[in-house]
Amino acid sequence: QVQLVESGGGLVQAGGSLRLSCAASGRTFSSYAMAWFRQAPGKEREFVAAITGSGGYANYADSVKGRFTISRDNAKNTVYLQMNSLKPEDTAVYFCAADLDRLLGYVPPRSDYEYDYWGQGTQVTVSS
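First things first, this report covers the structure right here in the doc. (Residues numbered from 1 in each chain as written. Predicted model: local features only at pLDDT ≥ 70, side-chain atom pairs only at ≥ 80, totals over all residues. Heavy atoms only, no water.)

**Looking at the state of the cysteines**
- Within the structure shown, the criterion is met by 1 disulfide.
- The disulfide partner of Cys22 is Cys96, and the S-S distance across this bridge is 1.9 Å. Between Cys22 and Cys96 the sulfur-sulfur dihedral comes to about 50°; the bridge is accordingly right-handed. Taken together, the residues span a long stretch of sequence, with Cys22 in strand 3 (residues 18-24) and Cys96 in strand 9 (residues 92-100) at a distance of 74 residues. (Disulfide = S-S within 2.5 Å. Helix = DSSP H or I, 4+ residues; strand = E, 2+ residues; numbered from the N terminus.)

Dropping the structure here:
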């Protein structure tokens with residue numbers, strides 16, 4: 001069982017930055033790939049970024065590539081999402097999620113149904 005708690009959301013002006021954190025419980029954090037998803041009002045939840053258990057590989061949605069960076073600190077059981085050059089269209093509730101890292105050749109999935117554990121979400125609002 002993995003419990004996830006997000007923090008770091010808030011209100012920021014367009015062009016600004018925020019860093020989200022997701023703290024995980026348990027002693028096997030490095031066994032899990034971690035991802036960030038987001039959901040805007042009236043829209044489907046969408047993939048933002050993901051990172052393997054070791055932190056050696058990350059992938060991003062095209063809409064955030066070059067602006068957002070996912071990272072993790074396995075000693076602190078925490079995954080981060082650094083968000084720069086924020087746009088109003090980045091406004092959403094951001095969720096972190098965990099999927100068991102299947103090691104060799106594993107690529108973190110972009111589909112939310114593949115993730116077993118979810119946090120409660122943190123609101124990010126970008127004003128124009």
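That shown, we press on.
**A few points about the environment of Leu20**
- Looking at the secondary structure, you find Leu20 in strand 3.
- Of the residues examined, Leu20 reaches a relative accessible area of 0% and is grouped as buried.
- A sequence separation of 11 residues divides Leu20 from Gly9, and the C-alpha atoms of the two residues are 6.2 Å apart.
- Excluding residues within four positions of it along the chain, Leu20 makes contact with Ser7, Gly8, Gly9, Trp36, Val79, Tyr80, Leu81, Met83, Tyr94, Thr122 and Val124. (Buried < 20%, exposed > 50% of the residue type's maximum accessible area, 1.4 Å probe, protein only. Contact = heavy atoms within 4.5 Å.)

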